[in-house]
Amino acid sequence: MEHAKPLFARVRNSFVQMYFTATGDPMIRVRNLVKRFGVVTAIDGISFDVEKGQVVGFLGPNGAGKTTTIRILTGYHPATEGSASVAGFDVLTQSLHVRRRIGYLPESAPLYPEMRVREYLRFRSKLHGMSSADAAKAIDAVVSRCWLSEFVNRPIGQLSKGMRQRVGLADAILHDPDVLILDEPTVGLDPTQIRESLSLIRELSERHTVLFSSHILPQVEQICDEVIIINRGRIVAYGAPKKLGEEKAAGSRLIAEIRGPGAEIERAVGALPGVESVERQTHDGWERLTIRARGRDDVREGIYKLASQKGWGLREIRRELDSLEDYYLKITSGAMEDGRSAAVRA
Amino acid sequence: MKRVSTLAERELSVYFLSPIAYVVLTIFLAVSGVLFITQVFSPGAESSLRGLSNDVWPIILVFILPMITMRLLSDEFRSGTIETLMTAPVTDADVVLGKFLGAMVFYLVILATTLLYPVLLTIWGSVDWGMAFSTYVGLILLGGFFISVGLFFSAWTSNQVIAVVCSFVLLAVLMFLARYLGGFLSGLPRMLVQHVDVRYHYEDFARGAVVLNHVVYFVTLTALFLFLTIKTLESRRWR
């Protein structure tokens, strides 16, 4: 789309780029953001940075405060306390500057059903102050990018949910914004459409910094450089998905099935170095042991040696690591009472 | 300004895509057409628009203009498109003015259809074009004020029915109740009520006089309601 932009916009963009490369300032900076609706506190002291060029996933159960945070960033709601800036501009006092640099796809992609796709995109390009020649080029570019070419002359009201989502996305990237903010871009799509959307978002991240929210962890893990997990208005985990997985998944579990004298097996295995606790169940002649190891110690070798030394039969030994998914499920099911104490930067 | 005209253009095109515009046009043209034929366009009748412009049109406008303004903002709130609109690089004032102008142009289209009447009258009689001119000035000012009231209530609710009823009630109070109450009063209270009475300010236009007082009255009230609409929109961001 670069060719479609007027000279001044290109010059402006390269200055913006130079500024951010030179200073290393984050593209999105959020500091101690608080938003209250009456007595309800929707978000409670959120801080994070999104660096230029990153894809950041904003993860949390429904009602965690994702949409509220996003609405503050896009200038739709003002914050009660705290500050936020996008591309160096304050979202409250320099709202118009921020809005020019943001491409925003709200949850459920609201659009005017009576307008045709091309007509809608033309309307939006004019709101962004693009000339008709620039707009025409930009529209062609985003339409092919979002696989909408066949549908440009269809009224939006006739399109399926997935299609409308794409029209919303096309609108968001129309003016080649520095930052793309997408609120639940995969909700209500079928599995194929979800995969397509995610790969499109990944593709878009080559030109734009992307912040997108979701309540489904695997989607976020798949395409994000960083994840921010938020629950009840607070950040509970923040970092690269892989690192977070290692950090949050504190323990591991071993399942071993051994044939022999049950009580003795339990005692001997319990005495192995690194073993924290052992539980035993008898299953058609086999002793099924569930072993908790201390930290991330691997005691599989010890168990094997013990069994062969004593002449016990060993038919299965399996290690299960707690994943980020387990941790996330724990949060979403409400098992984590106070998020703040658990917050870490991985 | 370019953004205001973009927004106005969209509103105008939506009117012609939705059934409501045709309903409104039909009501307006049917009522004024029937009255024109029976009251004005008959032998011996006065060759002027006064039969229509004095009472009939202002009263029809109380009913139909809320119908064309009700969806302006309500519909954006209901469908959630307000979020894409208010996060685009446009100010709240751009949005309000754009919507106002869109509705205004649609209203002018409705009014333009009535230009047929003075033309017909000139063929079979003579028309006082000066008076016709002042009538249209009055109708444009009156309609602009009604539209700003409708737009204001549309900013308060996502429910179009509530918006239309509220604006209808306020316009009816200003049009009918004020005059009715004025009949019971005298002296200063009467004068105050008279100033609230929209028809008192409009009637001179229908009589053929463009009086500055009345022009100022309509322009200020319209500006006031547009201002209140902008403030309402701003305040909605905080909720």
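The structure under discussion appears in the preceding block.
Everything numeric here is computed off the predicted structure, so don't read it as measured data.

Participant: Explanation requested: the side chain of H175 of chain A in the structure shown.
Facilitator: Relative to the elements of secondary structure, H175 of chain A occurs in the loop between α6 (161–173) and β7 (179–182). Separated by 2.8 Å, the side chain of H175 of chain A and the backbone oxygen of I102 of chain A make a polar contact.

Participant: Please explain the pattern of salt bridges as it appears in this structure.
Facilitator: A side chain of one charge can pair with a side chain of the opposite charge if their charged atoms are brought near each other. Under the definition given, this model contains 32 salt bridges over all chains. Between R234 of chain A and D44 of chain A there is a salt bridge, with the nearest N and O atoms lying 3.0 Å from each other. Of this pair, R234 of chain A sits in strand β10 (residues 234–239) while D44 of chain A sits in strand β2 (residues 40–50), placing them 190 residues apart in sequence. Take D44 of chain A: its relative accessible area is 25%, and that puts it in the partly exposed class. The partner of R10 of chain B in a salt bridge is E76 of chain B, with the nearest N and O atoms 4.0 Å apart. Pair noted here: R10 of chain B is in helix α1 (residues 2–17) and E76 of chain B is in helix α4 (residues 71–79), with a separation of 66 residues, a long-range link. Taken individually, R10 of chain B and E76 of chain B each receive the classification buried, so the pair is uniform in this respect.

Participant: Help me out: how do you make sense of the packing of aromatic side chains in this one?
Facilitator: Aromatic ring pairs are described here by two measures, namely the spacing of the ring centres and the angle between the planes. Residue and element names in this part refer to chain B. For the structure shown, the criterion picks out 19 aromatic pairs over all chains. Residues F28 and W57 carry aromatic rings whose centres are separated by 6.2 Å and whose planes lie at 25° to one another, so their mutual orientation is stacked. Pair noted here: F28 is in helix α2 (residues 19–40) and W57 is in helix α3 (residues 50–69), with a separation of 29 residues, a long-range link. By the burial criterion, F28 is buried, and W57 matches it. On the basis of an interplanar angle of 15° and a centroid distance of 6.3 Å, the ring pair of W57 and Y117 is categorised as stacked. A residue pair is termed long-range when its members are at least 10 positions apart, and W57 in helix α3 and Y117 in helix α7 (residues 116–124) qualify at 60 residues. Grouping residues by exposure puts W57 and Y117 together as buried. One aromatic cluster is present, built from ring pairs that chain together F145, F146, F152, F153, W156, F205, Y217, F218 and F225.

Participant: Looking at this structure, I do not really get the sheet that holds strand β6 (residues 102–105) of chain A. What am I missing?
Facilitator: The pairing of strands in a sheet happens through backbone hydrogen bonds and is either parallel or antiparallel. All names here are of chain A. The strand order across the open sheet built from 6 strands is β6-β7-β8-β3-β9-β10, with neighbouring strands paired in mixed fashion. Two strands bound the open sheet, and with one partner strand each, they are β6 and β10. Direction aside, the axes of adjacent strands within the sheet are offset by 15° on average. Relative to strand β9 (residues 226–231), strand β3 (residues 55–59) runs parallel, the two being bridged by 4 bridges. Across the sheet, V56 pairs through a bridge with E226, a residue of β9. α6 rests against β6 and β7 of the sheet, and its axis sits at about 170° to β6.

Participant: So what exactly am I meant to see when it comes to the interface of chain B and chain A here?
Facilitator: Where interface size is quoted, it is often the accessible area lost as the parts come together. Contact residues are listed per partner, giving 25 residues for chain B and 26 residues for chain A. Note on chain B versus chain A: buried area summed over both sides is about 2600 Å², and carbon and sulfur give 59% of it. Contact with chain A buries area across many residues of chain B, yet R10, E83 and P89 of chain B alone supply 25% of it, more than any other trio. The interface formed by chain B and chain A contains 3 salt bridges. At the boundary of chain B and chain A, one finds 10 residue pairs in polar contact (both at pLDDT 80 or more). When contributions to the side of chain B that touches chain A are tallied by element, the ones reaching two or more residues are α1, α4 and α5 (81–86) of chain B. The element best represented in the side of chain B that touches chain A is α1 of chain B, accounting for 8 residues. A per-class count over the side of chain B that touches chain A returns 10 nonpolar, 7 polar and 8 charged.

Participant: Would you explain the pairing of β2 of chain A in this entry?
Facilitator: Moving residue by residue along a regular strand, the side chains alternate between the two faces of the sheet. Residues and elements named next belong to chain A. Looking at chain direction, strand β1 (residues 28–37) and β2 are connected through 8 bridges and run antiparallel. Counterpart to F37 in the pairing with β2 is V40. Hairpin connection between β1 and β2: a loop of 2 residues separates the two successive antiparallel strands, and G38 in this loop has a positive phi of roughly 65°.

Reading the values: the criteria
- Residues numbered from 1 in each chain as written.
- Chains lettered and ligands numbered in written order.
- Predicted model: local features only at pLDDT ≥ 70, side-chain atom pairs only at ≥ 80, totals over all residues.
- Heavy atoms only, no water.
- Helix = DSSP H or I, 4+ residues; strand = E, 2+ residues; numbered from the N terminus.
- Polar contact = N/O pair within 3.5 Å; in protein donor to acceptor, adjacent residues only side chain to side chain.
- Salt bridge = Lys/Arg side-chain N within 4 Å of Asp/Glu carboxyl O.
- Buried < 20%, exposed > 50% of the residue type's maximum accessible area, 1.4 Å probe, protein only.
- Phe/Tyr/Trp six-rings, centres within 6.5 Å; stacked < 30°, edge-to-face > 60°.
- Pairing = 2+ DSSP bridges.
- Axes fitted to C-alpha atoms, helices over the stretch in contact; angles between N-to-C directions.
- Contact = heavy atoms within 4.5 Å.
- Buried area = accessible area lost by both parts, 1.4 Å probe.
- Nonpolar A, V, L, I, M, F, W, Y, C, P; charged D, E, K, R; others polar.

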